[in-house]
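Chain by chain, the residues:
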Protein chains: 2
Amino acid sequence: MPEPSPLPPSDLLANLYGERYRICPTGPARVSLVLSHQREIDLIELESLCDAVGWSRRPLRRVRKALQHSLLRVGLWRHDPRLPRLVGFARCTGDGVVEATVWDVAVHPLYQGVGLGKQMMDYVIEQLRHQGVDRVSLFADPDVVGFYEAQGWELEPLQRRCAFWYSP
Amino acid sequence: MPEPSPLPPSDLLANLYGERYRICPTGPARVSLVLSHQREIDLIELESLCDAVGWSRRPLRRVRKALQHSLLRVGLWRHDPRLPRLVGFARCTGDGVVEATVWDVAVHPLYQGVGLGKQMMDYVIEQLRHQGVDRVSLFADPDVVGFYEAQGWELEPLQRRCAFWYSP
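Every chain is numbered independently, its residues counted from 1 as its sequence is written. In the order they appear in the text, chains get letters beginning with A and ligands get numbers beginning with 1. A pLDDT threshold of at least 70 governs which residues receive local features in this predicted model, and a stricter bar of 80 or more applies before side-chain atom pairs are shown or counted, although totals over entire chains, interfaces and linings include all residues. Think of the side-chain values as coming from all heavy atoms in the structure, minus any hydrogens and water.

Asks: What exactly am I supposed to notice about the interface of chain A and chain B here?
Replies: The accessible area lost on association of the parts is a frequent measure of interface size. Contacts between the two partners involve 47 residues from chain A, matched on the other side by 47 residues from chain B. If you sort the residues of chain A by the area they bury against chain B, A:Arg161, A:Phe164 and A:Trp165 come out on top, with a joint share of 16%. Every case where a carboxyl oxygen of Asp or Glu lies within 4 Å of a side-chain nitrogen of Lys or Arg is listed as a salt bridge. At the surface where chain A touches chain B, the tally comes to eight salt bridges. Salt-bridge contacts for B:Arg62 lead to A:Asp134; the nearest nitrogen and oxygen are separated by 2.8 Å. What qualifies as a polar contact is a pair of N or O atoms within 3.5 Å, subject to a donor-acceptor requirement within protein and to the restriction that residues adjacent in sequence count only when both atoms come from side chains. The tally of links from chain A across to chain B stands at 26 residue pairs in polar contact (both at pLDDT 80 or more). The contact rule is simple, with two residues in contact once any of their heavy atoms fall within 4.5 Å. By convention, the term buried area covers the 1.4 Å-probe accessible surface removed from two parts as they join, with the contributions of both added.

Asks: Explain the sheet that holds strand 1 (residues 22-24) of chain A to me, please; I cannot follow it from the model alone.
Replies: By definition, the strands of a sheet pair up through backbone hydrogen bonds, in either a parallel or an antiparallel sense. Two strands pair under a simple rule: DSSP has to find at least two bridges between them. Only DSSP runs of H or I covering at least 4 residues are called helices, and only runs of E covering at least 2 are called strands; the numbering of each starts at the N terminus. The strand order across the open sheet formed by eight strands is 1(A)-2(A)-3(A)-4(A)-5(A)-6(A)-8(B)-7(A), and the pairing between neighbours is mixed. In the strand order of this sheet, the two ends are held by strand 1 and strand 7 (154-155) of chain A, each with one partner. Summarising the sheet, strand 1 of chain A and strand 2 (residues 33-36) of chain A pair through three bridges and their orientation is antiparallel. Its bridge partner lying in strand 2 of chain A, A:Cys24 is registered against A:Leu33.

Asks: How should I be thinking about helix 1 (residues 10-17) of chain B in this particular structure?
Replies: Note: α-helices contain 3.6 residues per turn, so residues at a spacing of three or four share the same orientation. Residue and element names in this part refer to chain B. By the burial criterion, the buried members of helix 1 are Leu13, Ala14, Leu16 and Tyr17. Projected down its long axis, helix 1 shows its buried positions confined to an angular sector of 165°, all on one face. Residues of helix 1 that are exposed and point more than 90 degrees away from the buried face comprise Asp11 and Asn15. Structurally, helix 1 contributes buried residues whose contacts are with strand 1 (22-24), strand 2 (33-36) and strand 3 (72-78). Two residues or fewer after helix 1 comes Gly18, characterised by a positive phi angle close to 90°. Only protein chains enter the calculation, and the probe is 1.4 Å; a residue is then buried if its accessible area is under 20% of its type maximum, exposed if over 50%, and partly exposed in between. For this quantity, the arc is that covered by the directions from the helix axis to the C-beta atoms.

Next comes the structure, spelled out in structure tokens:
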């Protein structure tokens, strides 16, 4: 993992990341990773992150609209006082009351394997609870089913099956 | 199924149901069932419908907010020129671009078994396509998996599993 930058005082962090930021403890080193649902996501940076995790590209215009209409957008930032870098992302759609659904959970490969995905999901759930959401759902790819189960997600409760319809 | 009312001219229907209503053909009788995503849903009527299909009640205040923040709310109405009655319902959350998720699909037991659920889902998909949504998802209970499969929904594509987190 790249060498972290030292953290400035909390008021400067709040300027960069919004009041409800969260510092991620990532071991004995100086902590330099910050979760935020208030700092704006740069679309080009998000596209680079998606490239890094191997996702297919979507038109930026559509991504912009999708983010605007999401219930929650969470970024994981490698702290830098001038230019924080986006190294993780997740977003939710939903009604903000009864249902929320998590989409597009990504952590940059350089930052994987140190518990950041779990910290990001904890942060997502906490923001959704803050909104008062009853229930959160997601569709887990086979390789991450264990990741979500280990965090207390209930797999196919009531034997529900997921189904998709794709635009022709 | 209760005796239908005769249908008035289309401009009167548009007044009642909005411009994008859809009349449901339900056999040789006079047609009296109308789909609409524009006519407002009465919360008390919706609660009665949910009671009729055996769903547990939710606080009306929360249901109101959930409907307000939904991407799409579709009602199936037994036509009556003075007071259409709500006999079916479905709603979607989502970003309106990349993702939409269908929730709370209900048809009153008196109106089941004549293809109205399928017509309602077709109408839902059509409205979402009109918005330009790429992909629609849902969580199917075991007893309705066949219903969705028969309509071309792809079950657990890429072996995705559904997972839920419930508010403690």
